Amino acid sequence: MLVERDEEITRLTQLFAGGVGESGGVGVISGVVASGKTELLNKVSDIAVAKGIRLLSAVASSSEQEFPYAVLEQLLRGVPPRLLGPELDPRAGLGGPGQVGPDVLQGFQRALAELTAAGPLLIVVDDAQYADPQSLQCLEYAVRHCRDTALSTIVTCCPRTGSADSTTSSALLELLQRPDTCQVRVGPLSVAGVARLLTEELGARDAQRHAAAFHAATGGNPLLLRGLLEDRLALPARGQDAGEQQDAADTPVVGEFFHQAVLSWVHRYGDTDHLRTARGIALLGDADSLPLLSGLVGIEEGVVAQSVAALGEVGLLQDTRFRRDEVRAMLLDDLPHEELGLLRRRAARLLHEQDAGPTEVARQLLSHEAAAPDEDWVPRVLRDAALLALAEDRAEFAVRCLQLARSHCADERESLIIQATLADALWRVKPLTQVQRLQPLAAPAREGLLPPRHALRVALGLMRIGSLDDAAAAIGRVSSTLAETPGSELDGELRAIGLALSCAYPDSPELRRFQEAWGAARRPDRAAGTPDGTTAEGPGIAALTALRGVLKDSADDEAVQDSVRDAEQVLGSTRLSEGTAYALRAALRTLIYADRLGTAATWCDRVLVEAARCSTQAWSAGFSAIRGQIALRGGRLTDAVRHGECALEQLPMRGWGVVVGMPVAVLVNAHTAMGDHDAAGELLARPVPEALFRTRFGLHYLYARGMHQLATGRHQAALADLRGCGEKMAAWDLDSPSVLPWRLGMAETWLALGNREEAARLAQEQLDLAPSSLPRTRGSALRVLAATRPVAEQPALLQQSLDLLRRSDSWYGMARAMAQLARAHKQLGDPDKSWLMTRRAWRLADGCGAKELSRSLQRPPGRATTAGAAAGPADGEAAAAFAALSDAERRVAALAASGYTNREIAAKLFITVSTVEQHLTRVYRKINISHRQDLPTSLGWDVAHTA
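Residues numbered from 1 in each chain as written. Predicted model: local features only at pLDDT ≥ 70, side-chain atom pairs only at ≥ 80, totals over all residues. Heavy atoms only, no water.

Participant: Looking at this structure, how should I read the overall build of the protein chain?
Facilitator: Across its full length, the protein chain carries 47 helices and seven strands. Going through the 947 residues of the protein chain one by one, you find that 55% of them count as buried. In the protein chain, the share of contacts with a sequence separation of at least 24, taken over all contacts with a separation of at least 6, comes to 69%. Element-wise, carbon and sulfur atoms account for 49% of the exposed surface of the protein chain, whose accessible area totals about 40300 Å². (Helix = DSSP H or I, 4+ residues; strand = E, 2+ residues; numbered from the N terminus. Buried < 20%, exposed > 50% of the residue type's maximum accessible area, 1.4 Å probe, protein only. Contact = heavy atoms within 4.5 Å. Areas by Shrake-Rupley, 256 points an atom, 1.4 Å probe, with all protein chains shown as cover.)

Participant: What am I meant to see in the nonpolar core here?
Facilitator: Most often, soluble globular proteins have nonpolar side chains that are buried together. Counting residues in hydrophobic clusters, the biggest one holds 153 residues, and the most contacted among them are Phe623 and Trp656. Excluding anything up to four places from it in sequence, tryptophan 656 contacts Arg464, Ala621, Gly622, Ala625, Ala647, Leu648, Leu651 and Pro663. In this structure, Val33, Val262, Ala389 and Ala398 belong to the second largest nonpolar core, which totals 83 residues. (Core = buried A, V, L, I, M, F, W, Y, C linked by side-chain atoms within 4.5 Å.)

Participant: Quick question: what am I supposed to make of the pairing of strand E5 (residues 182-185) here?
Facilitator: Along any regular strand, the residues point their side chains to alternate faces of the sheet. A one-sided burial pattern is seen for E5, the buried positions being Cys182 and Val184 and the unburied ones Gln183 and Arg185. In terms of strand pairing, strand E1 (residues 26-30) meets E5 through four bridges, oriented parallel. By the bridge assignment, valine 28 is partnered in E5 with glutamine 183. (Pairing = 2+ DSSP bridges.)

Participant: Mind showing me how you'd approach the sheet that holds E5 here?
Facilitator: Spatially, E2-E3-E4-E1-E5 is the arrangement adopted by the five strands of the open sheet, whose pairing is parallel. One side of each edge strand has no neighbouring strand; the edge strands of this open sheet are strand E2 (54-59) and E5. Across the sheet, the mean angle separating the axes of adjacent strands is 15 degrees when strand polarity is ignored. Strand direction decides the pairing type here: strand E3 (residues 121-126) and strand E4 (residues 151-157), joined by five bridges, are parallel. Pairing of leucine 121 across the sheet is with leucine 151, part of E4. Each of E1, E4 and E5 is contacted by helix H1 (residues 6-13), which is oriented at about 160 degrees to E5, the strand it contacts most. Running at roughly 130 degrees to E3, helix H4 (residues 102-118) makes contact with E2, E3 and E4 of the sheet. (Axes fitted to C-alpha atoms, helices over the stretch in contact; angles between N-to-C directions.)

Participant: Just to check I follow, could you spell out empty space enclosed by the protein for this structure?
Facilitator: One water molecule sets the probe size; rolling that probe over the atoms shows where empty space is left. Per the counting criterion, the structure on display carries five cavities of 30 Å³ or more. Considering only enclosed or pocket space, the largest cavity measures out at about 90 Å³ in volume. Around the largest cavity, the lining comprises eleven residues; the ones closest to its centre are Leu2, Val3, Glu39, Leu189 and Pro222. Residue classes in the lining of the largest cavity are distributed as six nonpolar, two polar and three charged. (1 Å grid on protein atoms, 1.4 Å probe; cavity = no way out; pocket = protein on both sides within 12 Å on 5 of 7 lines; lining within 4 Å. Points joined across faces, edges and corners; volume = space filled by probe spheres on them. Nonpolar A, V, L, I, M, F, W, Y, C, P; charged D, E, K, R; others polar.)

Participant: Explanation requested: the confidence of the model for the protein chain in the structure shown.
Facilitator: Detailed reading of predicted coordinates is not advised where the pLDDT is low. Taken residue by residue, the protein chain gives an average pLDDT of 85. The fraction at 70 or more is 88%. Taken together, the stretch residues 162-167 has pLDDT below 50 and engages in five contacts with residues farther than four places along the chain or on a different chain. (pLDDT = per-residue confidence, 0-100.)

Participant: Explain helix H19 (residues 395-407) here, please?
Facilitator: Three or four residues apart is the spacing at which side chains of an α-helix point the same way, because the helix has 3.6 residues per turn. Along its 13 residues, H19 runs 19 Å from first to last C-alpha, staying within 8% of the 18 Å computed at 1.5 Å per residue. Residues of H19 that are buried include every one of Ala395, Phe397, Ala398, Val399, Cys401, Leu402, Leu404 and Ala405, and no others. Close packing links the buried residues of H19 with helix H17 (358-366), helix H18 (377-391) and helix H20 (412-429). (Expected span 1.5 Å × (residues − 1).)

Participant: Explanation requested: the packing of helix H36 (residues 742-753) against helix H38 (residues 775-787) in the structure shown.
Facilitator: When two helices pack together, their arrangement is given by the angle between the helix axes and by the axis-to-axis distance. Across the interface, H36 lies against H38 with an axial gap of 10 Å and an inter-helix angle of 20 degrees. Overall, the two elements H36 and H38 adopt an arrangement that is roughly parallel. Read as a crossing pair, H36 and H38 show a hand that is left-handed. Packed against H36, whose contacting residues are Leu744, Ala747, Glu748 and Leu751, the element H38 presents Ser780, Ala781, Arg783, Val784 and Ala787 at the interface. Classifying every residue of the contact of H36 with H38 gives six nonpolar, one polar and two charged. (Parallel < 35°, antiparallel > 145°, perpendicular 65-115°, else oblique. Left-handed = near helix turned anticlockwise from the far one by under 90°.)

Participant: Sorry, what's going on with the packing of aromatic side chains here?
Facilitator: The geometry of an aromatic ring pair is captured by the separation of the ring centres together with the interplanar angle, meaning the angle of the planes. Under the counting rule described, the total for this entry stands at two aromatic pairs. Between tyrosine 505 and phenylalanine 697 the ring centres are 6.3 Å apart and the planes differ by 80 degrees, which places this aromatic pair in the edge-to-face class. Pair noted here: tyrosine 505 is in the loop between helix H24 (491-504) and helix H25 (509-518) and phenylalanine 697 is in helix H34 (residues 696-711), with a separation of 192 residues, a long-range link. Residues tyrosine 505 and phenylalanine 697 agree in their burial class; the two are buried. A cation over an aromatic ring shows up here: arginine 464 above the ring of tryptophan 427, its NZ or CZ 4.0 Å from the ring centre. A cation over a ring is seen here: arginine 606 above tryptophan 603, with NZ or CZ 4.9 Å from the ring centre. (Phe/Tyr/Trp six-rings, centres within 6.5 Å; stacked < 30°, edge-to-face > 60°. Lys NZ or Arg CZ within 6 Å of the ring centre and 35° of its normal.)

Participant: How do you make sense of the packing of helix H27 (residues 557-573) against helix H28 (residues 581-593) when you look at a structure like this?
Facilitator: Following both chains from N to C, one finds H27 and H28 inclined at 140 degrees, their axes separated by 9 Å at the closest point. Taken as a pair, H27 and H28 cross one another with a handedness that is left-handed. Of H28, the residues touching H27 (which contributes Ser563, Val564, Ala567, Glu568, Val570 and Leu571) are Ala583, Leu584, Ala587, Leu588, Thr590 and Leu591.

Participant: Looking at this model, I keep getting lost on the pattern of salt bridges. Mind explaining?
Facilitator: Scanning all chains against the criterion turns up 37 salt bridges. The partner of aspartate 334 in a salt bridge is arginine 279, with the nearest N and O atoms 3.0 Å apart. Taken as a pair, aspartate 334 in the loop between helix H15 (325-333) and helix H16 (337-353) and arginine 279 in helix H12 (residues 273-284) lie far apart in primary sequence, 55 residues in all. Note on aspartate 334: relative accessible area 30%, which makes it partly exposed. Between aspartate 803 and arginine 806 there is a salt bridge, with its nearest N and O atoms 3.4 Å apart. You can see aspartate 803 and its partner arginine 806 sitting in helix H39 (residues 794-807), three residues apart, about one turn around the helix. In this structure arginine 806 comes out as partly exposed when scored by relative accessible area, which is 42%. One salt-bridge network, held together by shared partners, links Asp393, Asp424, Arg428, Arg457 and Glu578. (Salt bridge = Lys/Arg side-chain N within 4 Å of Asp/Glu carboxyl O.)

The following block contains the structure:
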């Protein structure tokens, strides 16, 4: 089916002579390769034959262009032998290279004249630009001397560029430029034309649906269109899923037929300027810079411009880029391997010489193993590209750049810088390689062979993997170097390192002097802040100062409030990046230690969303561990396990270094509280770095291990771990009640051993240290303190504990306090209140995942009666009052008696909160009570239990 060629067909068929004695003409079908010239020529030829016109045809080929008379011999096959004189006998040879003899010219002209005398004659030559000069001379001579005969001539011709123009036969130029020539230019199909082409195979509905996408993919080029269409038709044979995918896709699926169409285009062009330009564009990615493209392919800039235009016309390019990446890939794959390497190298050098961005140069150098020359500029460009990639969160690209740079670097100092940068980059994509990458850099950093900035980065990595002595030596060397140049731009980094050391690495005599020199707790000056609200010193120093404040001054309400405010300001104004990840972690931990768990959870969830979009799994792992710590302190044990396990899945334990103490502590604490002691024990059995116990992360690990020992009955081991935790915190000036409640852990251990006096002393000490700004900490202390008091004093203390824990939304803490309160009420002879508290504690324990506590609180559905408490109403009057309750009122009252809130009752019964309140008001009136807690639990346990 020939589409959108009706006008061209009409113009060309008008050339045909209608009868003897009527003259014909010359038609030229031009257009770029694969634009449909041959198809149009064949269509016109078929029409001519159908009209009874004799046809002489030939197809020229670039491979036969050097053979004299190759096209003429094809044309003569259609001439009766009787009309061929000896000078045109192919068996005798028509002559050699050079000028055509007069006898051949005249013989061919006479043969055509005799043919036209008998009837109209049409000569067609496809790809005339490849015809040999001798045949073109004969054809031009015959056409010129048969002007008044019934001879028509139609040729197809593809424009040629550059040096090819000089080889174009003058005879062809005369033929193409005749004043009476009918020029027909074949262009790409429109969207409507594409739709017509698709209709025959796909039907009208699907053709209209896919026409725009097919046109966008091919530019309307008939050859590429047919390849794409064949791929579409072949899909059902490949499987139903592929066909459904194509039907649903906006962009056609490219397959083998489209590949073959592109390769056909490549082979038709041969080694022409157009093909070389196309390959150059494929290599560079676009044709935005003609001088660069010209230099790469070695063709004059004007010729390159012509080729770019032709490639756009053929449908391969849209503006300056390939319409399909598959075409670009095929053009490069078709190049010999060595030639591709040389082109890549030339492209990289040209880009570098023209001051292109390092990323563009690096892409060329990385694309082929032989593309990077051993020249001084290569390692520098690759390192610059890596730094840009790291800033844009393209760590894998950065690693490739640095690895190649290292292999081509001859300068020792530059090589060390590259290795240090590579160690940083690999932490983001392959953190398990951190130890083997950092250890060889410890000595150069210690000896001053690395620039200060890189030495500090190495020192931070060494601290993370637990090589604290090496880190101290490296930082000391940097400190000595910078002491000679006060006011260095690294002063801010040194201050941040000092603060980080004081918060996380306090047990290193070598590092302590840097804490004292740089880590002084100076709260940032907000008056000197930036327009976005951050301090002039940057988010890192602000966050670390806040963390240090809450670690060391949590007994001071005002100091805690300042730290919280600074932390939230950092979280609100800082986006996650390589330079800010540590600041965000410090700000979140500030909120955790300040008992602002709800706020911390909100901010952490936002940061986790950002981290999920980044390539650095270590970031996601770190923030998942923090999210687990928030869930643990909030008593959401199931959530704590989920986040903790997610952290260790994203980054295995040996990739964390000393920081592994945090996720492991979260999981051990959570499993212990849930009663899953085997899981906690398995985690504690895994090896951890010895240096862990010289860090704040080790404190969390020690505390978690101590609580596990307590839960499993190893009381002396629990005391040893908890006492060790407390002694370290005191020695490191981190003994803040909200950091780790080691006193409460010891108090509970002493209670288990029967020493109430020591337990009471520790619990009271914890309570005295905790200010009112730490409600969760105070609530936990009151719960433990209550257990040391006579039973009559316990309800008041436990109620205070519950109120504080409810303010901090601590589920597991509230469940434990309610369970203790239930036991106290039972001992005091109040089974109804005991049952109510038990029910509430069970609901909380079950909801937060505290399986062991939940099992200890479970009761059978039918509540057992006691001697002092009947299962039902005590007398007929009460029975009549209960009978007066409607079914709806009884359901609401039963749920309320079981500890459900009005909102929860509304959700369970699918009614409004207002309706719940109205039902309860009527219930209170009917059974003559004033408060919710006075509701008798005998109102309908079965209803509450199954609601």
